[in-house]
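Listed here are the chains, written in short residue letters.
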Amino acid sequence: MAGSDEVNHNESKAAKVCEYKFNLDGRSILKDLNSRVVPLNTWILISNFKLAYNLLRRPDGTFDRELAEFLERKAPANSFPVDGVFSFDIVDKSIGLLNRVYRPAPENEAQWGTIELEKPLSTTEIVPVIIFFHGGSFTHSSANSAIYDSFCRRLVANCKAVVVSVNYRRSPEHRYPCAYDDGWAALNWVKSRRWLQSGKDSKVHVYLAGDSSGGNITHHVAVRAAESGVEVLGNILLHPMFGGQERTESEKRLDGKYFVTVQDRDWYWRAFLPEGEDRDHPACNPFGPRGKTLEGLNFPKSLVVVAGFDLVQDWQLAYFEGLKKAGQDVKLLFLNQATIGFYFLPNNDHFYCLMEEIRNFVHSNC
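Residues numbered from 1 in each chain as written. Predicted model: local features only at pLDDT ≥ 70, side-chain atom pairs only at ≥ 80, totals over all residues. Heavy atoms only, no water.

### Some remarks on the confidence of the model for the protein chain
Then, in step 1: Model confidence for the protein chain is summarised by a mean pLDDT of 90, while 90% of its residues fall at 70 or above.
Then, in step 2: Ignoring residues within four places in sequence, the model shows residues 1–26, a span with pLDDT below 50, making 57 contacts including any to other chains. (pLDDT = per-residue confidence, 0-100. Contact = heavy atoms within 4.5 Å.)

### Some words on the layout of surface pockets
By rolling a water-sized probe across the atoms, one finds the places where empty space is left.
Then, in step 1: Of the pockets and cavities examined, the largest pocket occupies roughly 710 Å³.
Then, in step 2: Residue composition of the lining of the largest pocket, by class: 11 nonpolar, 5 polar and 6 charged.
Then, in step 3: By volume, the second largest pocket is sized at about 430 Å³.
Then, in step 4: Considering the residues around the second largest pocket, the lining is formed by 22 residues, among which F49, L71, E72, R73 and I147 are closest to the centre. (1 Å grid on protein atoms, 1.4 Å probe; cavity = no way out; pocket = protein on both sides within 12 Å on 5 of 7 lines; lining within 4 Å. Points joined across faces, edges and corners; volume = space filled by probe spheres on them. Nonpolar A, V, L, I, M, F, W, Y, C, P; charged D, E, K, R; others polar.)

### Overview of the nonpolar core
Then, in step 1: Counting residues in each nonpolar core, the largest one holds 70 residues, and the members touching the most others are L187, V190, L196 and L208.
Then, in step 2: For this core, the element with the most residues is helix α4 (residues 178–191), which contributes 8 residues.
Then, in step 3: V190 has contacts with V129, I131, V164, L196, V204 and V206, leaving out every residue within four places of it along the chain.
Then, in step 4: In this structure, V85, Y102, I236 and I358 belong to the second largest nonpolar core, which totals 34 residues. (Core = buried A, V, L, I, M, F, W, Y, C linked by side-chain atoms within 4.5 Å. Buried < 20%, exposed > 50% of the residue type's maximum accessible area, 1.4 Å probe, protein only. Helix = DSSP H or I, 4+ residues; strand = E, 2+ residues; numbered from the N terminus.)

### Concerning the packing of α4 against helix α5 (residues 213–228)
Then, in step 1: Running from N to C, α4 and α5 cross one another at 60°; their axes reach a closest spacing of 9 Å. Between α4 and α5, the crossing angle belongs to the class labelled oblique. Considering how the two elements wind past one another, α4 and α5 form a crossing that is right-handed. Only N216, I217, H220, V221, R224, A225 and S228 of α5 make contact with α4, whose side of the interface consists of A179, Y180, D181, G183, W184 and L187. (Axes fitted to C-alpha atoms, helices over the stretch in contact; angles between N-to-C directions. Parallel < 35°, antiparallel > 145°, perpendicular 65-115°, else oblique. Left-handed = near helix turned anticlockwise from the far one by under 90°.)

### Digging into α4
Then, in step 1: Taking 1.5 Å per residue, 14 residues should reach 20 Å; α4 reaches 20 Å between its end C-alpha atoms and fits that length.
Then, in step 2: Within α4, 11 of the 14 residues are buried, which leaves the element mostly enclosed by the surrounding structure.
Then, in step 3: All of the buried residues in α4 are C178, A179, Y180, D182, G183, W184, A185, A186, L187, W189 and V190. (Expected span 1.5 Å × (residues − 1).)

### So, the pairing of strand β8 (residues 206–211)
Then, in step 1: In terms of burial, β8 is largely enclosed, as 6 of its 6 residues are buried.
Then, in step 2: Along β8, one buried face is formed by V206, L208 and G210 and the opposite face, lined by Y207, A209 and D211, is buried too.
Then, in step 3: Here strand β6 (residues 129–133) runs beside β8; their pairing, made up of 5 bridges, is parallel. Within β8, the position partnered with V129 by the bridge is V206.
Then, in step 4: Inspection of the sheet shows β8 paired to strand β9 (residues 234–238) by 5 bridges, in the parallel sense. (Pairing = 2+ DSSP bridges.)

### What to know about a nonpolar patch on the surface
Then, in step 1: A contiguous nonpolar patch, built from L51, L55, F70 and L71 and spanning about 460 Å² of accessible area, is present on the exposed surface.
Then, in step 2: Mapped onto the nonpolar patch, the elements with two or more residues apiece are α1 (40–56) and α2 (65–71).
Then, in step 3: Tracing the backbone shows L71 in helix α2. (Patch = residues over 30% accessible without salt bridge, like charges linked within 9 Å, V, L, I, M, F, W, Y side chains within 5 Å. Areas by Shrake-Rupley, 256 points an atom, 1.4 Å probe, with all protein chains shown as cover. Salt bridge = Lys/Arg side-chain N within 4 Å of Asp/Glu carboxyl O.)

### Brief notes about helix α3 (residues 146–159)
Then, in step 1: Across its 14 residues, α3 extends 20 Å between first and last C-alpha, which sits within 8% of the 20 Å expected from 1.5 Å per residue.
Then, in step 2: Of all 14 residues in α3, 10 are buried, a share of seventy percent or more.
Then, in step 3: Inspection of α3 places A146, I147, Y148, D149, F151, C152, R153, L155, V156 and C159 among the buried residues, and these make up the whole buried set.
Then, in step 4: Looking at the residues trailing α3, positive phi occurs at K160, about 50°.

### Some points on empty space enclosed by the protein
Then, in step 1: Tallying each qualifying case throughout the model produces 6 cavities of 30 Å³ or more.
Then, in step 2: Size it by volume and the largest cavity reaches roughly 340 Å³.
Then, in step 3: Around the largest cavity, the lining is made up of 24 residues, and of these I46, Y53, S137, V260 and I340 lie nearest the centre.
Then, in step 4: Contributing elements (two or more residues each) for the lining of the largest cavity: α1, α3 and α7 (262–272).
Then, in step 5: Tallying contributions element by element places α1 first for the lining of the largest cavity, with 5 residues.
Then, in step 6: Its residues assigned to classes, the lining of the largest cavity comprises 11 nonpolar, 8 polar and 5 charged.

As C-alpha cells, then:
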C-alpha cells in the first residue's frame, strides 16, 4: 500500500469502503470512514462505564474495589469453542499471575474441550501470539471482564492469532511499577511455553498489545525486553494512555466531550504513579523531560492507533513522533471520527479497519 496516495478497498465483513491517506513518510495513515456518529449501543456501553467509574473513584485517591467487582460483568473461560474460539485460564505459579489464553478451535470436533499443553501450535506455519494488556486506566477491568473477553475472541477470529490476556495488578492498591513487572513476567512466561511455539524455527512469535493503560504497559514492557535482548516482534498500542504536566490543545478542546475529562485522567495518574510524582514521570511521559531516548535500541516495530475524539491524542501523537525521532519503525493509524472504545463492538467501520491493520501487522513476518 505504501507509495500510493490513496487506496480504497472493501471491508471483509462490513462491506464498506475505507479511504487511506498517506503522509509523505508513508507511515502515517488517516482514515476517514463512513461512520460519522458514535453508534448508539457503543455510546450507551461507554456511558455506563463512565457512570460506574465515577461511583468507584473517591476524592481521597482511594478506590471502591469491592463495589467494582460487584458491578463488573465477568465472562468465564470456555474450553468448548464459541464462534470458533476457545479459552482457558492458567496461572504462572512462580508469581501467581493469571493469564487467559484464547485459541482458534481445532478443526477436528473430537478435540473440542481438550486443552493441549504439550504440542506446539504448528511445526510448519507461523502462528502469532499476541500478549494483550487490558485498559481501564490501570485501575479498572481484568482479564475476565466480559468486554475484554469478547474483544480478545474477536482478535483471534479476525487476526488468526493466539491471544494471551494478562491479569496484571491494578492501582491504587498496586502502584507503579507493579503493572509493568507483571507484564514483564507474562512475556517471559509466554516465551517459555513450548505449546505456544510455531513455525519451522520452533519459537514463540510474540507481539505485545493493549488499549489505554494497556498500551502504556505495552511500551514499557517492550523497552525492558529490548534492553534485555528478549525478542518481541511488534507492539500494538490502541489509544495508549500517555500524558504530561503541560495541558495540550486536544485536552482543552475535548475535555468532557467524549466520555473522559482531564480531571478523570489526573485522578488515575495520581493513583498509579509513585506518591508525590507528577505527570512528567517517564511512566506517563516516556519522551518527556525525564524520559530516555530509544535511539540505537533494537526496539520492536510499532502500530500506534489514535482516535480522533480522544482528549489525550496529542500525547499519543507525541509518542509516535518520539519513536520516529529515535529512528524506530512505527506506523500511525489515525481514525479521525473514532472515540475511545470504538473496538468494543463490531458495529462500525473503524472496528473492521482496525482488525485488518492488526491482521496485516502480525502476519507481515510470516
